[in-house]
Each structure stands twice: as structure tokens, then as C-alpha cells.
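So you can see what is in the structure, the chains are spelled out below.
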Amino acid sequence: MIVGIDLGTTHSLIGYHGPDGPVLIPNALGELLTPSVISVDADDTLIVGRPAVDRLITHPERSVASFKRWMGTNRVTRLGKHALRPEELSALVLRALVADAESHFGASVTEAVISVPAYFGDAQRKATRIAGELAGIKVERLINEPTAAAMAYGLQQRDGGGRFLVFDLGGGTFDVSILEMFDGVMEVHASAGDNFLGGEDFLSALRDACLRELEVEAKKLTASEDAMLRRRLESAKRELSNTSGGPVDVEILLGGESRRWQIDEAGFSRLCEPLVQRMRAPLERAMRDARLAPGQLDDIVLVGGASRMPLTARLVSRMFGRLPLRHINPDEAIALGAAVAAGMKARDESLEEIILTDVCPHSLGVDTAQDDGHGQVTTGLFSPIIHRNATVPVSRVERYQPMRDQQTQVEFNIYQGESPRVENNVKLGTISVKVPARAAHENPVDIRFTYDVNGLLQVEATIVATGQTHEVVLQQNPGVLTQDEIRQRLAALSELKVHPRDQQENLLVIARAERLYEELLWARRDLQDALVRFRTVLDGQDPLQIREHRADFARMLESIEAQG
Amino acid sequence: MSDWPYALLDIDEDSDERTIKRAYARLLKLHRPEDDPEGFQLINEAYQLCLHQLDAGGSNAPQGIGFDTPATHVSEPAPVVGPAFNVGTFIAALLDLSQTASGRDILRWLQAHPAFYSIGARETFAHEIINALLRAPALPPRHVAAVLHFLGLDTAGPARARLESYVSALERYAHMTLEDAEAIRKPYVESPLSSSSGRLGWSFGAAIWMALLGVVSLTRCSGGGP
């Protein structure tokens with residue numbers, strides 16, 4: 001069975017392609033969205049998902065969220081006695097999702113299609129594949145998130161076609177893709193985006209403004225006060241998206257003191273103006289690279305949870321002179337599409353065959369130097385070989401010549417990026433080739449870049465004079481694990497104790513009670529007593545009794561939270 | 001152009017967009033990108049060339065295939081069309097602001113400018129703006145960097161390539177008034193995560209005047225071009 005997975009910054013989902021179309025699988029709590037949050041309890045056992053969210057407040061130093069943003073880096077997170085890389089944290093989320101799917105099917109799951117932001121670069125894609133490997137599944141394909149959303153959307157009109165723009169604002173990333181459907185082909189014309197722009201940044205803008213206006217220094221907040229503030233502001237942000245612009249009240253406990261803050265939609269929009277501005281350039285670039293005018297788009301589709309904010313629809317309307325569509329539940333669209341892609345990978349017969357062609361979102365090239373003919377040499381110029389938004393797979397060659405006569409060695413650095421100067425781009429590796437000593441203009445070197453459907457880059461240098469070819473293996477990117485390291489990490493990960501999925505409901509009531517204990521001074525005694533009672537029942541290990549007691553406990557928490 | 005793309009797709013040279021796409025889709029099923037990368041690349045190239053030829057013929061804008069969807073439109077007020085753009089007024093206001101503002105202020109002002117909101121507006125006016133700036137009193141390098149960043153001319157790509165000589169002339173022009181070469185080399189950074197930047201030893205001398213003169217004549221040559 002191949003599953004489709006949306007591994008998101010704030011939430012992750014898993015689904016498959018059933019006889020009646022894509023289906024999402026609920027987790028042990030009966031929810032489709034599993035928060036991408038990890039926590040570790042007192043005896044170093046790991047907690048994944050919703051219960052870990054409450055623990056961001058009660059045990060901030062033992063919990064972590066938003067780690068998708070660190071994919072492709074070496075950043076290590078300490079959780080209790082564990083030190084985990086972003087791939088490993090992601091692997092823990094993937095494992096939890098796979099366990100949910102396995103319990104749903106009653107069979108093991110070994111293969112998956114995982115969605116990634118279209119604008120993810122080389123290191124981030126590799127890290128995502130490794131996360132899958134560490135979770136014990138074979139990653140059959142990485143699919144770009146906007147493309148996945150389009151699949152969920154496109155398949156609704158079976159014999160439809162047309163051009164559309166997918167505007168995908170998730171928790172941590174922003175993607176724009178322009179696609180066209182015709183005759184069983186889904187063609188991506190262009191993708192652009194920003195890997196560090198998402199709902200989390202809008203939340204941070206809200207938090208900064210709140211602290212500024214209440215004259216509280218961010219540094220003076222304890223980690224759990226900060227987590228609590230973020231939680232309150234997150235629900236205020238949701239409320240602002242739903243209400244008709246009226247003010248929303250936020251009440252928070254800061255430094256043991258209850259404070260009140262108010263914000264309306266207009267104020268929120270003003271705060272977020274710099275973030276909104278950052279969305280303009282990717283939209284412009286995608287349209288320009290696709291060589292389309294706004295009038296040539298059949299639809300503009302908003303997906304990703306953060307696209308619920310009215311300011312996104314306003315921006316799109318202003319730029320395109322038309323109103324966008326909000327289709328399927330924006331939180332679920334990508335996962336549904338990944339499930340469709342999984343079904344196609346399995347060559348599911350109920351699926352009409354669709355061929356997907358995608359693009360390479362970044363320009364790839366080498367550094368060069370140029371002589372202006374007056375003896376002035378400019379170095380560090382970026383010479384793209386594969387231009388951004390070229391349809392993949394693609395193979396391109398460019399010819400270069402040494403700077404000096406009789407030069408015997410030529411070195412090229414390989415870069416990914418859009419700046420005309422390499423220092424602003426991302427370095428992927430270095431290649432160095434020996435050339436015969438002769439006049440520079442008679443000594444060219446051909447550099448061939450080949451980029452495959454999985455986003456892997458191969459570089460080949462040919463010395464034209466001798467016909468000698470050097471296949472170049474890119475030096476290991478510092479943010480990517482080697483095969484040996486993966487094996488070690490895999491062994492280490494299998495040693496980790498993780499709470500089994502049938503414990504999720506118990507973990508959740510405990511985590512929630514602990515959070516309320518932290519937030520509500522007046523209810524502390526009752527909560528303390530109830531927690532002790534529940535722990536005693538758990539020790540009794542009688543499933544029936546645990547279930548009954550848990551239901552009572554949950555009702556009690558419900559009513560305490562309502563009195564808040 | 002040779003006719004191999006049409007032969008490969010097995011279509012007539014006067015085929016319309018619909019026919020080109022149908023032929024491409026048929027061949028794709030036999031040469032899937034994941035199964036036959038080389039075959040796919042050849043077919044895709046032929047397809048792109050045929051479409052390009054169609055565009056160059058100026059026969060027709062590509063037609064979308066309309067379809068009805070059960071979706072709801074997001075309820076928002078109807079979009080506003082930007083006011084007409086006058087380059088003279090724009091440059092005057094920019095120079096005025098430049099007297100007192102920082103690069104960041106300039107960028108904010110440009111971002112809020114209603115004339116540039118609709119898709120493609122920046123690209124449409126970029127040439128005109130840079131041309132006018134080359135004839136106006138010089139802006140400081142930091143302000144030029146902000147303008148170039150806003151116009152999307154600080155990234156590699158077709159827009160930058162088309163205006164390369166104008167952009168570098170404008171950069172040099174800015175440096176004649178201020179020695180701070182560093183300022184313009186730095187990318188305009190908005191995100192705190194972007195990295196910058198190297199040392200650069202650039203010397204500017206009389207050659208710049210010559211280069212500028214060269215650009216002026218280039219301006220004339222390409223005046224009637226595409």
C-alpha cells in the first residue's frame with residue numbers, strides 16, 4: 001500500500017487512494033490533522049502530536065515545533081537526554097502517521113509519496129527523503145505541495161482543463177505554482193516562493209506588536225509564558241479571519257499579572273504589511289516565467305491554512321484584478337493531492353492516467369569571471385546552466401574557457417539561486433578539472449548539468465580538446481547526512497522509546513490538565529487532585545475503568561476551560 | 001526555424017495550440033518523464049518550440065479551456081485598477097523623497113505605490129524608470145539598490161538580462177557621487193535569514209564615463225528594438 005503524506009510545518013496528514021477517491025486517515029484521537037510537535041516526558045519517552053502541543057506550554061524546554069524550517073541544516077534539538085536533527089524529528093512524525101495508517105488498514109505500510117514546498121532546494125529535499133528512510137518507509141516520490149493541491153482540485157472536474165495559479169501559504173512556507181491541465185497532462189509552468197514565510201511569521205508579528213503595546217520585554221517572558229501567549233494569539237488570529245473585522249480581545253497572564261490586549265482586522269493587516277509585501281515578488285516572478293497575463297488564468301486557488309487570512313485574498317485581488325477561489329478545506333488539499341499521487345504511483349486502475357510534468361524551481365549554474373577588455377576582471381558572476389522553471393528532467397550544457405593561456409587547472413563552484421552574483425546564492429559543491437596547457441580560447445570546457453524528476457543534480461565536465469569526461473559527484477552538502485550516518489541514526493532512533501498510539505488519549509488529557517494548571521490559578525487544586533486520581537487509575541491498567549475515568553476527566557477539563 | 005519539432009510531434013506547421021497540446025499529450029504517454037528522461041526532454045523541447053513559434057507568429061493569445069467549478073469565490077470587495085502612471089511625476093517624487101529618506105523608506109514607498117500593484121506593472125515600467133533615472137540627478141547607491149530590488153532587477157532572469165546594460169550604468173552612475181561600493185553590492189535584504197556578502201575591490205575611474213557614453217549610444221540603438 002502506498003500512502004500520501006503532507007509533512008507540514010504546523011500539521012501533518014496521511015491518506016491513501018481508495019475506490020472512491022482520496023481518503024485521509026484519522027489519528028488515534030480521531031483527528032485528521034496531527035500537529036508536527038514532539039515532546040519528551042520525565043523518563044525520556046517521546047510524545048508526538050496533539051498531547052505534545054499542550055506540553056509546549058508546560059514543558060517548553062522538553063518540546064519542539066516548526067522543525068520543518070530547519071530541514072537541510074545541521075541544527076540539533078535537545079529534548080531531555082536526546083539530541084535530534086530535523087530529519088529525525090520529522091521521522092518521528094512520519095512514524096506516528098504511518099502507525100495510524102497501519103492500524104487503519106490492519107497491514108503494514110512501506111511506501112509513501114511525501115509533499116514538499118515547491119521552493120525547497122536540494123538539501124531540503126534530500127533531508128525529507130532521509131526522514132522517510134529513518135521512519136522505515138521508502139519515499140517513492142517527492143511531490144511539490146502546490147502540484148499536490150492542484151491534483152486534489154483538478155481531479156474534481158474529470159474532463160476539465162485549464163490554467164490555474166495555486167497560492168499556497170502554509171504554516172512555514174509560501175509557494176506559488178502555475179499549472180495547466182489538458183488531455184491527461186498536468187503541466188507545471190512555473191513555481192516561485194519563499195521558504196521562510198508562513199502563518200508562523202504572521203503570528204510572530206502579532207506577538208511582537210502585543211508585547212510592544214503592553215510594554216513587556218520579550219526577553220523577560222518565561223518559555224511557558226511565551227508559549228501560552230502564542231497559543232492565545234493563534235486563536236485570536238483565527239478569530240480575526242472569521243469575524244467581520246470587529247476587534248478581538250486577548251487575555252493573557254504575563255509575569256503573574258492578567259493583561260488585556262485588543263486588535264482588529266485592520267490593525268492586524270497593518271502589522272503584517274511587510275510580510276504581505278514579501279508575497280508579491282514570487283507571484284510576479286511565477287507569472288513572468290510562465291509568460292502569462294492574469295486574464296489567461298482560469299482560476300486562482302488558495303490553499304494552506306494561513307490562506308484563510310482575509311489579507312491574502314485582498315492581495316491577490318489587488319494584483320490580479322480578480323477574486324481568488326477557496327476550494328477544498330485549505331488544510332487538507334495538499335494531503336488529498338498527495339494521496340492521489342500515491343494512487344497514481346500504484347497505477348490504481350480507478351484513476352484516469354495523468355502525466356505530471358514539473359519544473360526545477362531554482363536556477364543552477366557555476367561561478368565565472370569576466371574580463372571587460374580593459375583589463376578589469378570581475379569575479380563571482382553567476383552563470384546559470386539550467387534556468388529556473390525549466391521543465392524536468394532536463395539536461396543542459398554550457399561552454400567555458402580558462403581565464404589565462406597555459407592554465408592547467410579549472411575550478412568551478414556550483415550554485416543554486418537567482419542573484420547575478422554568486423555570493424548571494426547557495427553553494428552546492430565544487431568541481432576541479434585538469435586541462436592541457438594551451439591558449440585559453442582553444443581550451444574550452446563543457447559543463448553539463450542533468451536534473452532528474454526527483455530533484456537530483458548530476459554534473460559532468462568535458463574537456464573539449466581531449467574529449468575527456470569527468471563525472472562529478474557533488475561534495476556532500478554539510479546539511480545532508482551520508483549513508484553511514486543514516487544507518488547509525490536509524491539504529492539510534494529504533495532504540496528510542498515512543499509512547500504507543502493507544503496511549504494518545506491518556507496522554508492528551510494529562511497534557512491538557514497540566515496546561516490548564518499552568519494557565520488557571522483558581523483551578524489548580526481541583527486539577528491537581530484529578531491528575532493524581534487519573535494516574536492511580538492508569539496504574540490499575542483496567543482498560544474499561546481507564547476509559548470511563550478518562551471521559552469524566554475530559555468533561556471536567558472542558559468545563560474548567562469554558563470558565564477560563 | 002527548422003521543421004523537426006512539427007515532424008516529431010507529427011503535426012502540420014500551421015497547427016493551433018489545441019492540436020500541439022493534444023499531440024504532445026499523446027507522445028508523453030509513451031515517453032513518461034520518470035521512465036524515459038531523454039525521450040521526454042526531446043518531446044518537451046519540440047513542444048516548447050512549436051508553442052513559441054505560435055506566439056511569435058502573434059496569431060493569438062493562448063486560449064484557456066474554461067470550466068465550471070463548484071467552488072465559492074472569496075467574499076472581498078472588487079479589486080481596484082491602479083491609476084495611470086506618469087514617469088515624470090514619479091521621478092520627481094522619488095528624488096524628493098530621496099533627500100530625506102533611507103533605502104528602506106524608499107522601498108516602502110515603492111511597495112505602497114498603487115501604480116505597481118497589478119501583475120506585470122513593474123516590468124512594464126522598469127525600462128522607462130531606469131532610463132529616466134539615468135537622466136536625472138544621481139540617487140545614492142542604497143536608494144538605487146532599493147529601486148532595483150523593487151523592480152525585480154537584482155535577480156538573474158530574462159528581465160534583468162534585457163536591461164543589463166541600463167542596470168549596470170545606473171549602478172555606476174550612483175557610484176560616481178558616492179564612493180561606497182559596498183552598499184550597492186549588498187543584496188537588498190528583507191528576510192533576516194539571507195546571508196551577505198563579500199569584499200569587493202572595485203576601482204572606478206575615467207573608464208566609467210566612457211562606459212556610460214557607450215550605454216547612451218546603446219540606448220539609442222535598442223530604442224526601436226523589441
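Please read these numbers as outputs of a predicted model, since none were measured by experiment. (Residues numbered from 1 in each chain as written. Chains lettered and ligands numbered in written order. Predicted model: local features only at pLDDT ≥ 70, side-chain atom pairs only at ≥ 80, totals over all residues.)

**A closer look at the overall build of chain B**
Piece 1. The helix and strand inventory of chain B stands at ten helices and one strand.
Piece 2. When its helices and strands are written in sequence order, chain B yields α-α-α-β-α-α-α-α-α-α-α.
Piece 3. The buried share among the 226 residues of chain B stands at 25%.
Piece 4. Taking the contacts inside chain B whose residues are at least 6 apart along the sequence as the reference set, 68% of them involve residues at least 24 apart. (Helix = DSSP H or I, 4+ residues; strand = E, 2+ residues; numbered from the N terminus. Buried ≥ 20, exposed ≤ 12 C-beta atoms within 10 Å, placed from the backbone. Contact = placed C-beta atoms within 7 Å.)

**A word on the overall build of chain A**
Piece 1. Each helix and strand in chain A was counted, giving 14 helices and 28 strands.
Piece 2. Against the 2.2 N^0.38 benchmark of 24 Å for 564 residues, chain A shows a C-alpha radius of gyration of 26 Å, consistent with a compact globule.
Piece 3. Taken along its principal axes, the extent of the C-alpha atoms in chain A is 85 × 55 × 50 Å.
Piece 4. Within chain A, the fraction of its 564 residues that count as buried is 50%.
Piece 5. Of the contacts made within chain A by residues no fewer than 6 positions apart, 69% connect residues no fewer than 24 positions apart. (Rg over C-alpha atoms; globule rule 2.2 N^0.38 Å.)

**Describing the packing of helix α1 (residues 50–58) of chain A against helix α6 (residues 223–242) of chain A**
All names here are of chain A.
Piece 1. Between α1 and α6, the shortest axis-to-axis distance is 6 Å and the interhelical angle comes to 130 degrees. Judged on the interaxial angle alone, α6 and α1 are oblique. Where α1 approaches α6, its residues L56, I57 and T58 are matched on the opposing element by S224, A227, M228 and R231.
Piece 2. When its residues are assigned to classes, the contact of α1 with α6 shows four nonpolar, two polar and one charged. (Axes fitted to C-alpha atoms, helices over the stretch in contact; angles between N-to-C directions. Parallel < 35°, antiparallel > 145°, perpendicular 65-115°, else oblique. Nonpolar A, V, L, I, M, F, W, Y, C, P; charged D, E, K, R; others polar.)

**Concerning the sheet that holds strand β26 (residues 445–451) of chain A**
Residue and element names in this part refer to chain A.
Piece 1. Strand order in the open sheet made by the four strands is β23-β26-β27-β28, with antiparallel pairing throughout. Both edges of this open sheet fall to β23 (394–400) and β28 (468–472), since each of them pairs with a single strand only. Neighbour to neighbour, the strand axes of the sheet diverge by 20 degrees on average, direction disregarded.
Piece 2. Summarising the sheet, strand β27 (residues 457–463) and β28 pair through five bridges and their orientation is antiparallel. Residue pairing for β28: V459 is matched across the bridge by V472. (Pairing = 2+ DSSP bridges.)

**Thoughts on the nonpolar core**
Piece 1. With 184 residues, the main nonpolar core has L94, A149, V301 and A338 of chain A as its most contacted residues.
Piece 2. Not counting chain neighbours up to four residues away, the residues in contact with A149 of chain A comprise V166, D168, V301, V303, A333, I334 and G337 of chain A.
Piece 3. Formed by twelve residues, the second largest nonpolar core is a distinct cluster that contains Y24, F40, A46 and Y47 of chain B. (Core = buried A, V, L, I, M, F, W, Y, C linked by C-beta atoms within 7 Å.)

**Section: the environment of G267 of chain A**
All names here are of chain A.
Piece 1. Mapped onto the elements, G267 comes out in helix α7 (residues 265–271).
Piece 2. Residue class for G267 comes out partly exposed when judged on the 16 C-beta atoms lying within 10 Å of it.
Piece 3. Sequence separation between G267 and D529 is 262 residues; the distance between their C-alpha atoms is 43 Å.

**Re helix α12 (residues 504–519) of chain A**
Piece 1. Under the 1.5 Å per step criterion, the end-to-end length of α12 of chain A is 22 Å for 16 residues, consistent within 8% with the ideal 22 Å.
Piece 2. Most of α12 of chain A sits out of view: 13 of its 16 residues are buried. (Expected span 1.5 Å × (residues − 1).)

**Regarding unusual backbone geometry**
All names here are of chain A.
Piece 1. Going from V392 to P393, the amide bond is cis rather than trans, its omega being 0 degrees.
Piece 2. Backbone geometry places S66, a non-glycine residue, at a positive phi of 55 degrees.
Piece 3. Mapping S66 onto the fold places it in the loop between β7 (63–65) and β8 (77–79).
Piece 4. We note that R291 has phi near 50 degrees; this positive angle belongs to a residue other than glycine.
Piece 5. Locating R291 in the fold gives a position in the loop between α8 (273–289) and β17 (299–303).
Piece 6. On the basis of neighbour counts, which here come to 15 C-beta atoms within 10 Å, the residue R291 falls in the partly exposed class.

**Focus on the sheet that holds strand β25 (residues 426–434) of chain A**
Residues and elements named next belong to chain A.
Piece 1. With respect to topology, four strands assemble into an open sheet ordered β21-β20-β24-β25, the strand pairing being antiparallel. Edge strands, defined here as strands with exactly one partner in the open sheet, are β21 (377–386) and β25. The sheet shows a mean angle of 35 degrees between the axes of neighbouring strands, direction not considered.
Piece 2. Of the strand pairs in this sheet, strand β20 (residues 364–371) and β21 are connected by seven bridges, and their pairing is antiparallel. In the sheet register, G365 faces β21, and the bridge partner there is P384.

**Points about the confidence of the model for chain B**
Residue and element names in this part refer to chain B.
Piece 1. Mean pLDDT over chain B: 73, with 65% of residues reaching 70 or higher.
Piece 2. Element-level pLDDT for chain B is lowest in helix α10 (residues 206–221), with a mean of 36, against a maximum mean of 94 in helix α2 (residues 17–28).
Piece 3. Here residues 59–81 is modelled with pLDDT under 50, and outside its nearest four sequence neighbours on either side it reaches 43 contacts, counting other chains as well.
Piece 4. Between residues 190–226, whose pLDDT stays under 50, and residues either more than four places distant or in other chains, the model counts 31 contacts.
Piece 5. Both scores are available for the predicted complex, with the pTM at 0.83 and the ipTM at 0.83. (pLDDT = per-residue confidence, 0-100.)

**Topic: the domain arrangement of chain A**
Residue and element names in this part refer to chain A.
Piece 1. Here chain A is described as being made up of domain 1 (2–197 + 275–359), domain 2 (362–472) and domain 3 (501–563).
Piece 2. Tallying the contact residues gives 13 residues for domain 1 and eleven residues for domain 3.
Piece 3. Elements represented by at least two residues in the side of domain 1 that touches domain 3 include exactly α1 and α2 (86–105).
Piece 4. With six residues, α1 is the single largest residue contributor to the side of domain 1 that touches domain 3.
Piece 5. By residue class, the composition of the side of domain 1 that touches domain 3 is six nonpolar, three polar and four charged. (Domains from an automatic or database assignment.)

**Things to note about the environment of A465 of chain A**
All names here are of chain A.
Piece 1. Note that A465 resides in the loop between β27 and β28.
Piece 2. On a C-alpha basis, the gap between A465 and A205 in space is 58 Å, while along the polypeptide they are 260 residues apart.
Piece 3. Once you skip the residues sitting within four places of it in the chain, A465 turns out to touch P436, R438 and N443.

**Quick look at α1 of chain A**
Residues and elements named next belong to chain A.
Piece 1. Burial analysis of α1 places nine of its nine residues in the buried class, the great majority of the element.
Piece 2. Here α1 has its buried residues at R50, P51, A52, V53, D54, R55, L56, I57 and T58.
Piece 3. On its buried face, α1 sits against β4 (34–35), β5 (37–40), β6 (46–48), β7, α6 and α12.

**Here's the deal with the pairing of β26 of chain A**
Within a regular beta strand, the side chains point alternately toward one face of the sheet and then the other, so they alternate between its two faces.
Residue and element names in this part refer to chain A.
Piece 1. Of the two faces of β26, the one lined by V445, I447, F449 and Y451 is fully buried and the one lined by D446, R448 and T450 carries no buried residue.
Piece 2. Direction of pairing for β23 relative to β26: antiparallel, over a ladder of seven bridges. Of the residues in β26, the one forming a bridge with S395 is T450.
Piece 3. As judged from the seven bridges shared by β26 and β27, these two strands associate in the antiparallel manner. Of the residues in β27, the one forming a bridge with T450 is Q458.
Piece 4. Hairpin connection, β26 to β27: the antiparallel pair is bridged by five residues, and G455 has positive phi, about 80 degrees.

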